[in-house]
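Commentary on secondary and tertiary structure
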Amino acid sequence: MPLPSLHKHELLQREYGQQTYQLIQGLREVEDKAERTRRATQIVQLVFRLQPALRDQPDAQQRVWNHLYEMADEDLDIDAPFELQGLSQLNQHPKPIPYPKLSPKLKAYGRSVELMVEKALALEDPSEREQATITIGRTMKFLYRSHNKENAKDVTILKHLKDLSGGQLTLDPAQVEAQGLFEFAVGSAPAAATSSTGRAAFIVPQPRQERQERRGNNSSSGNRRDKQRRGGKKGRQEPQQPPQ
């Protein structure tokens, strides 16, 4: 059983007033559409005059027009400047989001690494694919450390990368270990950390090393300040007492 109109729009009546509600209800009695539109526009202007604070709110115009349409029981044929939507859509249940059915092959890396592998396999340029493989391997090593709380050997990462790509993304284990392609470093990339094409490998700084470096800089500056304070106290001369 639908709710009576008075109880249905009780909150809107309190917000805009009983007289404004009666004016809106009277719009449906106007037969001419142009006249209905003109009166509806005047009612909206009246609302903003009575409540000037509404002008500062985002999307105030569209919201007031929708409230007018709702207080008319969503039965109002006018040429509004916005697409009119009532509040009945708030009672609609959202569509359920399907739960992902495909679980990652290796939980330590997640689905995002598998998507990165798919993007790398779509690259046709051998140099770009090699650089993408190095980046994916470095990301996998970082995620392996975070998930298992232990370091992973480059051979293990290469094996997992080969399994995820179906054997299409491979690197020379000796080259990866010698050049440290899967390692994270602070600052610019070393001269050895380059790919076979001569392009510098992408190096991501480790947060732990950055914190240690900042602590070292702060401690050195603090030591200098302490020395300056101690030196200032030593160099200070005490006022001389007058002779007795």
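Residues numbered from 1 in each chain as written. Predicted model: local features only at pLDDT ≥ 70, side-chain atom pairs only at ≥ 80, totals over all residues. Heavy atoms only, no water.

The helix and strand tally for the protein chain stands at ten helices and zero strands. Walking the protein chain from its N terminus toward its C terminus, one meets helices and strands in the order α-α-α-α-α-α-α-α-α-α. In the protein chain, which comprises 244 residues, the share counted as buried stands at 30%. A total of about 17500 Å² of accessible surface is found on the protein chain, and carbon and sulfur atoms cover 51% of it. (Helix = DSSP H or I, 4+ residues; strand = E, 2+ residues; numbered from the N terminus. Buried < 20%, exposed > 50% of the residue type's maximum accessible area, 1.4 Å probe, protein only. Areas by Shrake-Rupley, 256 points an atom, 1.4 Å probe, with all protein chains shown as cover.)

Before going further, it helps to spend a moment on the side chain of His160. Here His160 shows up in helix α8 (residues 154-164). Assessed through its relative accessible area of 16%, His160 is described here as buried. Not counting residues up to four positions away in its chain, the partners in contact with His160 are Leu106, Tyr109, Met140 and Tyr144. (Contact = heavy atoms within 4.5 Å.)

Helical geometry: 3.6 residues make up each α-helical turn, so side chains three or four residues apart lie on a common side. Within α8, burial applies to Asp154, Ile157, Leu158, His160, Leu161 and Leu164. Across the axial projection of α8, the buried residues extend over an arc of 165°, all falling on one side. Exposed positions of α8 whose direction lies more than 90 degrees from the buried face are Val155 and Lys159. Summarising the contacts, the buried residues of α8 are in contact with α6 (110-121), α7 (126-148) and α9 (173-179). Two residues or fewer after α8 comes Gly166, characterised by a positive phi angle close to 70°. (Arc of directions from axis to C-beta.)

Moving on: the nonpolar core. For soluble globular proteins, the rule of thumb is that nonpolar side chains tend to be buried together. Core analysis: the largest hydrophobic core is formed by 21 residues, its most contacted members being Tyr16, Val64, Leu68, Leu76 and Ile78. Going through the elements one at a time, α2 (10-16), α3 (18-25), α4 (33-50) and α5 (60-71) are the ones with two or more residues in this core. Per-element tally for this core: the top contributor is α5, with six residues. Sequence-distant contacts of Val64, defined by excluding residues within four places in its chain, comprise Tyr16, Val44, Val47, Phe48 and Leu54. (Core = buried A, V, L, I, M, F, W, Y, C linked by side-chain atoms within 4.5 Å.)

So, about the confidence of the model for the protein chain. Caution applies to low-pLDDT parts of the model: their predicted coordinates are not meant to be read in detail. On average, residues of the protein chain score 75 in pLDDT, and 70% of them reach the 70 mark or higher. Between residues 1-6, whose pLDDT stays under 50, and residues either more than four places distant or in other chains, the model counts five contacts. Contacts of residues 186-206 to residues separated by more than four positions or lying in other chains number 46 contacts, the stretch itself having pLDDT below 50. (pLDDT = per-residue confidence, 0-100.)

We now examine α7. When the terminal C-alpha atoms of α7 are compared, their 32 Å separation across 23 residues agrees well with the 33 Å that a helix rising 1.5 Å per residue should span. Phi for Lys149, located one or two positions after α7, is positive at around 60°. (Expected span 1.5 Å × (residues − 1).)

To continue, consider the pattern of salt bridges. Under the counting rule described, the total for this entry stands at 13 salt bridges. Between Asp77 and Lys33 there is a salt bridge, and its shortest N-O distance comes to 3.5 Å. With a gap of 44 residues between them, Asp77 in the loop between α5 and α6 and Lys33 in helix α4 connect regions that are remote in the sequence. Taking the relative accessible area as the measure of exposure, Asp77 reaches 45% and is therefore partly exposed. Exposure remark for Lys33: the relative accessible area of 31% places this residue in the partly exposed category. Between Glu183 and Arg145 there is a salt bridge, with the nearest N and O atoms lying 3.2 Å from each other. (Salt bridge = Lys/Arg side-chain N within 4 Å of Asp/Glu carboxyl O.)

With that settled, consider the packing of α3 against α4. Running from N to C, α3 and α4 cross one another at 170°; their axes reach a closest spacing of 11 Å. By the angle between their directions, the pair α3 and α4 is classed as roughly antiparallel. On the side of α3, the interface is formed by Thr20, Leu23 and Ile24, while α4 contributes Ile43, Leu46, Val47 and Leu50. Within the contact of α3 with α4, the residues separate by chemical class into six nonpolar, one polar and no charged. (Axes fitted to C-alpha atoms, helices over the stretch in contact; angles between N-to-C directions. Parallel < 35°, antiparallel > 145°, perpendicular 65-115°, else oblique. Nonpolar A, V, L, I, M, F, W, Y, C, P; charged D, E, K, R; others polar.)

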